[in-house]
Amino acid sequence: MKQEKWLLCPVCGNKTRLKLREDTVLEKFPLFCPKCKQETLIEAKNLKITVIKEPDTQMQSR
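Residues numbered from 1 in each chain as written. Predicted model: local features only at pLDDT ≥ 70, side-chain atom pairs only at ≥ 80, totals over all residues. Heavy atoms only, no water.

Asker: Lay out the nonpolar core in plain terms, naming residues and giving numbers.
Answerer: Counting residues in each nonpolar core, the largest one holds 7 residues, listed as L7, L20, L26, L31, I42, A44 and L47. For this core, the secondary-structure elements that each account for two or more residues are β3 (25-32) and β4 (39-45). Filtering out sequence-adjacent residues up to four positions away, L47 remains in contact with Q3, K5, L20, R21 and E22. (Core = buried A, V, L, I, M, F, W, Y, C linked by side-chain atoms within 4.5 Å. Buried < 20%, exposed > 50% of the residue type's maximum accessible area, 1.4 Å probe, protein only. Helix = DSSP H or I, 4+ residues; strand = E, 2+ residues; numbered from the N terminus. Contact = heavy atoms within 4.5 Å.)

As structure tokens, this is what we get:
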């Protein structure tokens, strides 16, 4: 039997609506939290979650 765990929000720590299995691989996945309404880019492999921090690509015009 493969191990599973709930995917927790990296912002507030609450459960999201997704479960990860040990063989799940995610790259640049937009994780949405229904509790805090935040969306975070994550990567997941071997039940380890990493938050992706990308620089803003939009430039502010003055």
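Asker: Tell me about the sheet that holds β3, and name the residues and values.
Answerer: Taken in spatial order, the 3 strands line up as β3-β4-β5 in an open sheet, and their pairing is antiparallel. Since the sheet does not close on itself, it has two edges, and those belong to β3 and β5 (48-51), each with one partner. Each adjacent strand pair in this sheet contributes to an overall mean axis angle of 30°, direction not counted. Relative to β4, β3 runs antiparallel, the two sharing 6 bridges. Across the sheet, L26 pairs through a bridge with A44, a residue of β4. (Pairing = 2+ DSSP bridges. Axes fitted to C-alpha atoms, helices over the stretch in contact; angles between N-to-C directions.)

Asker: Summarise the environment of T24; cite the residues concerned and give the values.
Answerer: Tracing the backbone shows T24 in the loop between β2 (15-21) and β3. On the accessibility criterion, T24 (22% relative accessible area) is partly exposed. When the C-alpha atoms of T24 and E4 are compared, they prove to be 9.5 Å apart, with 20 residues separating the residues in sequence. Leaving out residues up to four positions away in the same chain, T24 has contacts with A44, K45 and N46.

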